[in-house]
Amino acid sequence: MSVISEGVVRRKRRRSRFVAWLAGDKRAAVSLVFLLALASLSVLANVVAPYSPLEQSMDILAPPSAAHLLGTDDLGRDVFSRLVHGGPMSLYASFLAVSVGVLIGLPFGVLAGYLGGWIDTAVSRVIDTILSCPSIVLAIAVTGALGIGLTNSMIAVGIVFSPGLARLIRVQTMIVKGELYVDAARTFGLSTPRLVFRHILPNAIQPVIVQVTLLLATALLAEASLSFLGLGVQPPHPSWGQMLARAYAYMEIAPEQMYAPGFAILFTALAFNALGESLRSLLDPTRRRSD
Amino acid sequence: MNATVPTPTPIVAVERVGVHFPVSGGRTLKAVDGVSLEVMPRETFGVIGESGSGKTTLGRAIICLEKPSAGRILHQGLDPYALSSRELRRHRRRYQIIFQDPNAALDPRMTILKSIREPMDVTGEMPERQRQQRALELMERVGLSPDFASRYPHELSGGQKQRVCIARVLTLRPDLIVCDEAVSALDVSIQADILNLFAELQAEFGLTYVFITHNLGVVAHVSDRVAVMYLGRIVEIGRTEDVVLSPSHPYTEALLSAEPVALPSNLRSHSRVMLKGELPSHVSPPSGCRFRTRCRFVQPLCGEKEPPWRETAPGHWSACHFAGELPIMSGAELHPVKLGGHAAQPEGRA
Amino acid sequence: MSRRTLRVIGWRLLQVVPVIVLATFAVFGLLQLVPGDPAAVIAGETATAERIVQIREMLGLDLPLWQQYLHWLGGAVQGDLSTSLITGLPVIDEVLRRLPNTLLIVVCALILAISIAVPLGILAATHVDGRVDRFVTSIASLGVAVPNFWVGMILVGFFALNLGWFPTTGAASLTEDPARALWHAALPAIALASSGIAEITRQLRSALIEVLSSQYVRTLQAKGLSQGRILWRHGLKNVSLTLLTVIGLVFNRTLGATVAIEAVFAIPGTGSLVVTSATNKDFPVVQGVVFVLVLIVILCNLLIDILYSVLDPRMNKQ
Ligand SMILES: Nc1ncnc2c1ncn2[C@@H]1O[C@H](COP(=O)(O)OP(=O)(O)O)[C@@H](O)[C@H]1O
Ligand code: SF4
Ligand SMILES: [Mg+2]
């Protein structure tokens, strides 16, 4: 029986398809490399950063130099070290917000799409209502209620993400639910939860994966805004948004302080978006490959 | 209506079943409207009718994919909807379907082996190795190389996918299989192979089939009895030879004559009865006899009263006011070469 | 306006009611998210027991939930959104005092975004996959990924601090001194517009591409109709509905994004109000701002729906 060797061949083929995707989309390849580099930098922040991000010195608002690659901030802290340590904060924040959004949005969306009827109507109305509130304002209100801080504010952002994700997975579930293979599975006596996990979710999840990638960028920007507004990361801990807030306070004296964190946010958001867009066109059914 | 002599309990009994769908404007579409029939063990029961006549919906109702809005379905005397949902999940495994479109019937994200194993995996009664073993055996039985085991559906041809579906259903040793146009989406060259496979499997596993098709040749070839459906209703039912060779309902005559025949047109034109007009709407079917808008024998009575069932030969029933009195052409007249007193050959066989 | 259109408008107005009711639930529910005893949280760690009791009574937190809700709703219906815990002033007054400042920059940003994005979108769609298209789509990608408060900071640094062309901070009343108000609103509006430009450009581009590549339009081209004429008569007419939808979406986003922009430019608007009240746990104010903004968005969506049915009578059949 060649079942096992077939599996190996298959895995190899999948790997080469992955390579082909990246080779065909340079922007996605660059983005992936950038994000991987950022992730490793975040893991190795303690090793890479020359100073502690909290260590103050008398050298205040110094311009870039050999000792301080990006200069120092208003408390004499090394900007480069703070930037490096801000990375994991931002990544943690983005993934936390998106996870919360998926965790809340997915079950509601699947439930509404699968069950239909009045449950669907009710869930859809609630989704519409929440979506008609400007998302950052709602996130701020929820943060205020939950209590200020990075984790709470990102849970708030996740709550704000959930209705959009629920709406997306609802539509997908409705489509997949009508597929013949779901009917077939039903005749085999699958229970509803099993039907959902084995057939509906795997076939409905693709657009959600794309959306999640794009939402990582949105979450990153939301974290920056909330930390800039003092509702996210609390001093003295660094995050890119929080660094921008400090830079803003000293903008007349040291305007160059706002560039490093700003570009860090911009590039990371660009990378998430590029990856998401690339995944979208890769998974686009109108462009499905025929291999 | 059915004149079956006292026999064992039918595998499935359909009793005045209606399947209604809500459509826009608050109206209802009666895809199946008051259908009754019985399928006996080891029988092949054909259902024929043009596209849109409600065959698929009837087939889905038989295996509990569509809940009857009226009447009831009995599986060996048992009403499946009287069961708890847990019991129903167990019970329904014995009533299976092969869908028309094998591409859509397989989960694109599952390997062939996983798909075939799935029905067995649901209960997990057998040890894993045994399930694997049985799946591979059945693959071989339906004519699939074990190399396909780890492939995905999109890598297979339509015929191969249909074989996968058959193997998958066989893992359950079902009492009844509804074959819903199981070959019509396939290449003509493969249709006969799959039909033969169905026949072999029936002998081997003692299967009972409800064979749905719009192709008269296929139904004549495989089924013992046949029901002709029109606009959600059965209009004629009887032994296949009787219905095909001496139809007693004008719709069956038209259906038989619409069957393409491998003859030059000048030789067959004289015996063609064309179906005129479109299939009327299910939502507001014609009064009286539903076929009257297209019937060549239509009389004033047909619009006033619903035709009763008339038995034109033992076990051969027709829902026409004038069944048995009309100058309907026989199958031999309609298909001089093809039928020739014998059951028809499936398309592509010849 | 046809009778049918009027009926559709009436129907839409009716549909808004349940959404507003749900919105009141959501806004009221915000307070339920507060972990533990809201009164104690609001009063702060150093508060005396008396103060906690006082706050509990003031907010009616000792009542059953549904009574609290009805109480709040009763006030809201009469335009009373309770009073601030900090200043003791009516919330509605404060919100309405600040709202014009916010709406001014949002509307300016929207106008700016539309007037830049529409030509960009057309340019990209008529040069698909060319250099112009690639440039425009790159700009759009940037616009989506850039934090707009950072754009605001850069603008302040350059145009206000370096060149001194614009004021760095503050706002002026549009009714009292329109010129000065617009002068103040210029930089914030530009900063705010960045993501709107990107969003509108993208959507307009893809909608136009779809229309222009349709069989119908290709026939017109074959008949020798000029590109401009086709664009005007068929392209833009067909995508105007898409545009309307996107504008609704962008309005909502811009209304949210203004929060950080107001912080950068020290504009006394609703955004800065919600931030300070959330920080100070002044929940009646937070609830008030959220409620008023939700109402504005719902009304904006309603307006778009109505415009939709006026522009496209086919929709009314549904
Ligand atoms: N789920 C459904 N909802 C509404 N109408 C349906 C549904 N399923 C089938 N129909 C309608 O019922 C009629 C019969 O369909 P079907 O059973 O598929 O016929 P056949 O299989 O004979 O072609 C058709 O008019 C079809 O449009
Ligand atoms: S009842 Fe009348 S209309 Fe109906 S089939 Fe018979 S003859 Fe034709
Ligand atoms: Mg069918």
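Structure shown above.
Residues numbered from 1 in each chain as written. Chains lettered and ligands numbered in written order. Predicted model: local features only at pLDDT ≥ 70, side-chain atom pairs only at ≥ 80, totals over all residues. Heavy atoms only, no water.

### A short note on the overall build of chain A
Scanning chain A for helices and strands turns up 12 helices and zero strands. When the helices and strands of chain A are placed in sequence order, the string is α-α-α-α-α-α-α-α-α-α-α-α. When its C-alpha atoms are laid out on the principal axes, chain A stretches across 75 × 50 × 30 Å. Here chain A holds 291 residues, and the buried ones make up 53% of them. When contacts within chain A are restricted to residue pairs at least 6 apart in sequence, those whose partners lie at least 24 apart make up 69%. (Helix = DSSP H or I, 4+ residues; strand = E, 2+ residues; numbered from the N terminus. Buried < 20%, exposed > 50% of the residue type's maximum accessible area, 1.4 Å probe, protein only. Contact = heavy atoms within 4.5 Å.)

### Notes on the sheet that holds strand β4 (residues 70-75) of chain B
All names here are of chain B. In spatial order, the strands read β2-β1-β4; together these three strands make up an open sheet with antiparallel pairing. With partners counted over all chains shown, the strands left at the sheet margins are β2 (27-39) and β4, one partner each. Across this sheet, the average inter-strand angle for adjacent strands is 25 degrees, counted without regard to direction. Two strands pair when backbone bridges link them, and strand β1 (residues 12-23) and β4 are joined in this way by five bridges, in the antiparallel orientation. Bridged to Ala13 within β4 is Leu74. (Pairing = 2+ DSSP bridges. Axes fitted to C-alpha atoms, helices over the stretch in contact; angles between N-to-C directions.)

### Re the interface of chain A and chain C
Frequently, the measure chosen for interface size is the accessible area that the parts lose on association. Contacts between the two partners involve 40 residues from chain A and, on the opposite side, 43 residues from chain C. Between chain A and chain C the total buried area reaches about 3,500 Å² when both faces are included, carbon and sulfur atoms providing 79% of it. The tally of links from chain A across to chain C stands at one salt bridge. Between Glu277(A) and Arg202(C) there is a salt bridge whose closest N-O contact spans 3.5 Å. Taken together, chain A and chain C are joined by three residue pairs in polar contact (both at pLDDT 80 or more). Those elements that provide at least two residues to the side of chain A that touches chain C are α5 (117-131), α6 (135-146), α10 (206-228), α11 (240-249) and α12 (259-283) of chain A. (Buried area = accessible area lost by both parts, 1.4 Å probe. Salt bridge = Lys/Arg side-chain N within 4 Å of Asp/Glu carboxyl O. Polar contact = N/O pair within 3.5 Å; in protein donor to acceptor, adjacent residues only side chain to side chain.)

### Structural notes on the nonpolar core
Core analysis: the largest hydrophobic core is formed by 235 residues, its most contacted members being Ile140(A) and Ile62(B). Among the elements that line this core, the one with the most residues is helix α10 (residues 227-264) of chain C, at 17 residues. When residues of this core are sorted by domain, at least three fall in each of domain 1 (13-77) and domain 2 (92-316) of chain C. With residues up to four places along the chain from it excluded, the contact list for Ile140(A) reads Leu226(A), Leu229(A), Leu231(A), Val259(C), Val274(C), Val275(C) and Ala278(C). (Core = buried A, V, L, I, M, F, W, Y, C linked by side-chain atoms within 4.5 Å. Domains from an automatic or database assignment.)

### A word on the site of ligand 1
Residue and element names in this part refer to chain B. Close contacts around ligand 1 come from Phe21, Leu29, Ala31, Glu50, Ser51, Gly52, Ser53, Gly54, Lys55, Thr56, Thr57 and His282, and that covers them all. In this structure, Ser53 approaches ligand 1 through a main-chain N or O atom, which is 3.2 Å from an oxygen atom. The side chain of Lys55 places a nitrogen or oxygen atom 2.9 Å from an oxygen atom of ligand 1. Taken by itself ligand 1 offers 560 Å² of open surface, and the protein chains cover 63% of this. Ranked by residue count, the leading element in the shell around ligand 1 is helix α1 (residues 55-62), at three residues. (Near = heavy atom within 4 Å. Areas by Shrake-Rupley, 256 points an atom, 1.4 Å probe, with all protein chains shown as cover.)

### Some thoughts on the pattern of salt bridges
This structure, assessed with the given rule, holds 32 salt bridges over all chains. One salt bridge connects Asp183(A) with Arg60(B), and the closest N-O pair in it is separated by 2.9 Å. Pair noted here: Asp183(A) is in helix α8 (residues 180-187) and Arg60(B) is in helix α1, and the two residues belong to different chains. Like Asp183(A), the residue Arg60(B) is buried in the burial classification. The residue Arg72(B) makes a salt bridge to Glu15(B) at a minimum N-O spacing of 2.8 Å. One end of the pair, Arg72(B), is in strand β4; the other, Glu15(B), is in strand β1, with 57 residues separating them in the sequence. Take Arg72(B): its relative accessible area is 41%, and that puts it in the partly exposed class.

### Points about unusual backbone geometry
Residues and elements named next belong to chain B. Its identity as a non-glycine residue notwithstanding, Arg16 has a phi of 45 degrees, on the positive side. Within the secondary structure, Arg16 is located in strand β1. Phi at Gln76 is positive, roughly 50 degrees, even though this residue is not glycine. Counting through the fold element by element, Gln76 comes out in the loop between β4 and α2 (85-91).

### Describing the interface of chain A and chain B
Counting residues at the interface gives 25 residues for chain A, matched by 33 residues for chain B. Both faces considered, chain A and chain B share a buried interface measuring about 2,600 Å² in area, 54% of it formed by carbon and sulfur atoms. Linking chain A with chain B are two salt bridges, by the criterion used here. The salt bridge involving Glu118(B) is made with Arg198(A); its shortest N-O contact spans 2.9 Å. Counting across the interface, chain A meets chain B through 12 residue pairs in polar contact (both at pLDDT 80 or more). When contributions to the side of chain A that touches chain B are tallied by element, the ones reaching two or more residues are α1 (3-24), α8 and α9 (192-204) of chain A. Looking at the side of chain A that touches chain B residue by residue, the classes come out as eight nonpolar, eight polar and nine charged. (Nonpolar A, V, L, I, M, F, W, Y, C, P; charged D, E, K, R; others polar.)

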